[in-house]
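These are the residues of each chain, in order.
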Amino acid sequence: MILDRTIAPPVQPLARVTLPAAEVFPLPNGARLHVLRNDAQPVIRLQVVFKAGKWYDPSAGVSLLAARLLLEGTRTRTARQIADEVAFFGASLDCEQGFDRATLTLYCLSRHLPQLLPLVQDVLTEPTFPETELALVKTRTIQNVRVERQKTSYLASESFSRHLFGPGYPYGVKFDETVFQDITSEQVRHFFQQRYNFAEAEIFLCGDATDEHIALLTEGLGTPAGGDVRPPATTPAPAVLAPRDYVTVDGSLQASLRIGRLWPALNHPKTHALQVLVKVLGGYFGSRLMKNIREDKGFTYGIYASVQPREHATSFVIGSDVNAANAPAAIEEVQRELRRLQQEPVPLTELQTVKNYISGKFANELSTVFEQCDKYKNLIFYHLPTSYYSDFVAQVQATDAATLQELAQEYLSPESMVEVVSGPKQ
């Protein structure tokens, strides 16, 4: 039988998806250990997460330096010794600072966790933040930012955050080279002592985890003293600085667009329908923005619409790089697509295509235990109900065109958007 390639294969509806249950162990110092077991591969991932992201910066850049310097030396190990020990076991160890939290991540073969755990404990309890390494990290960071600030895309995103949240809001603070250069090792050390607090830590172990591993972690990471749980600091609500901004980049041939607004948090009752709405607009290659602005008008190689959830404020953003001469027309077409979603119901065939795409992508994102753990972490950090993901597929499939039109009328008015363009002098 010859396969007829003109006929698409049948689409099978995705059944209900359930995340594997995590085992949660409270540790003596106040931390919580979350374990997702899967012995399909002899690999393990350990993540220790602290409330130590940009949100908690006493001065812009301190949290970034604390995370980057964590592996640059302890009281018993130099940076080289830390790197050599990790490499000897074929492992990976790094620390990343995000908007809300800082995460130390170890990947290794499960049989090597007992040998690597003392190193992890040393890094998390005895870092020295050496002056020489501090100066090098500062220099590298400043050089990287200078390079990035020559790009219209970086400047557009930076200005968009500042105008959307306000310059005094942690998510909107702009990198200041002078302030960053003046940060001292004492400031970094004090931030570490305050924020890398095991009493508020969330520890995630996933992969080929055993009872022995859990016992070792309980002993090794359950004993470092946890400080007092700090009451949440009062922070002003986001305040839109201005609805429009233009950032000039002399000599640039392209312009970068960022259009968006504050958005409902993930615990909003219509959160899954809102995700469908964003996908229809610009969340995949066949979206309306791509068809109009890339395929039809040829203004760009790509344009996207996405939701960026954070623990204290969520945003919606449309982004694209276009030829500078086409920027006004591209913005006009974006606004046209926003209004079309408000004025016309989404056709059933288009809606079903988007639903199938969302469901298929979601299933693909659960293919490994590490991806499953990432979804589980969202439940913890964003305070979502345990049924959030198990309800996802059903609620996406139940979303109808009338609901999308109502949500578009409420959230997608062009007049409600912050609009930033970065490009050549006008």
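Residues numbered from 1 in each chain as written. Predicted model: local features only at pLDDT ≥ 70, side-chain atom pairs only at ≥ 80, totals over all residues. Heavy atoms only, no water.

1. Observations concerning the packing of helix α1 (residues 62–69) against helix α7 (residues 185–195)
Link 1 in the chain: Packing of α1 against α7 leaves a shortest axis separation of 9 Å and a crossing angle of 85°. With respect to α7, the element α1 is oriented roughly perpendicular. Along its contact with α1, which presents V62, S63, L65, A66 and L69, the element α7 presents Q187, V188 and F191.
Link 2 in the chain: The residue makeup of the contact of α1 with α7, split by class, is 6 nonpolar, 2 polar and no charged. (Axes fitted to C-alpha atoms, helices over the stretch in contact; angles between N-to-C directions. Helix = DSSP H or I, 4+ residues; strand = E, 2+ residues; numbered from the N terminus. Parallel < 35°, antiparallel > 145°, perpendicular 65-115°, else oblique. Contact = heavy atoms within 4.5 Å. Nonpolar A, V, L, I, M, F, W, Y, C, P; charged D, E, K, R; others polar.)

2. Quick word on the pairing of strand β10 (residues 314–323)
Link 1 in the chain: Across the 10 residues that make up β10, a large majority, 8, are buried.
Link 2 in the chain: Pairing of strand β9 (residues 303–308) with β10 involves 6 bridges; the strand directions are antiparallel. By the bridge assignment, A305 is partnered in β10 with I318.
Link 3 in the chain: In sequence, β9 turns back onto β10 through a hairpin of 5 residues. (Buried < 20%, exposed > 50% of the residue type's maximum accessible area, 1.4 Å probe, protein only. Pairing = 2+ DSSP bridges.)

3. What to know about the packing of aromatic side chains
Link 1 in the chain: Taken as a whole and assessed by the stated rule, the structure comprises 21 aromatic pairs.
Link 2 in the chain: Between F50 and Y196 the ring centres are 5.0 Å apart and the planes differ by 40°, which places this aromatic pair in the tilted class. Separated by 146 residues along the polypeptide, F50 in strand β3 (residues 43–50) and Y196 in the loop between α7 and β6 (202–207) bring together distant segments of the chain. A single burial state applies to F50 and to Y196, both of which are buried. (Phe/Tyr/Trp six-rings, centres within 6.5 Å; stacked < 30°, edge-to-face > 60°.)

4. Re the pattern of salt bridges
Link 1 in the chain: With the rule as written, the count across this model stands at 27 salt bridges.
Link 2 in the chain: Between R146 and E177 there is a salt bridge, with the nearest N and O atoms lying 2.4 Å from each other. One end of the pair, R146, is in helix α4 (residues 131–148); the other, E177, is in helix α6 (residues 177–181), and 31 residues separate them in sequence.
Link 3 in the chain: Residue classification places E177 among the partly exposed positions, given a relative accessible area of 28%.
Link 4 in the chain: Where K151 meets E148, a salt bridge forms, and the shortest distance between an N and an O atom there is 3.0 Å.
Link 5 in the chain: Here the salt bridges share partners, and the residues they tie into one network are D296, K297, E332, E333 and R336. (Salt bridge = Lys/Arg side-chain N within 4 Å of Asp/Glu carboxyl O.)

5. Focus: the sheet that holds β9
Link 1 in the chain: Read across the sheet, 5 strands follow the order β7-β11-β8-β10-β9 without closing on themselves; strand pairing throughout is mixed. Sheet topology places β7 (244–248) and β9 at the edges, where each strand pairs with a single neighbour. For this sheet the average axis-to-axis angle between neighbouring strands, irrespective of direction, equals 15°.
Link 2 in the chain: In this fold helix α9 (residues 271–282) packs onto β8 (254–263), β9 and β10, with an angle of close to 165° to the strand it touches most, β9.

6. Describing the packing of helix α3 (residues 113–125) against helix α8 (residues 211–220)
Link 1 in the chain: Interaxial distance between α3 and α8 falls to 11 Å at its minimum, and their mutual angle equals 20°. With respect to α8, the element α3 is oriented roughly parallel. By crossing handedness, the relation of α3 to α8 is classed as right-handed. Here L113, P114, L117 and Q121 of α3 come into contact with α8, specifically with E212, H213, L216, L217 and G220. (Left-handed = near helix turned anticlockwise from the far one by under 90°.)

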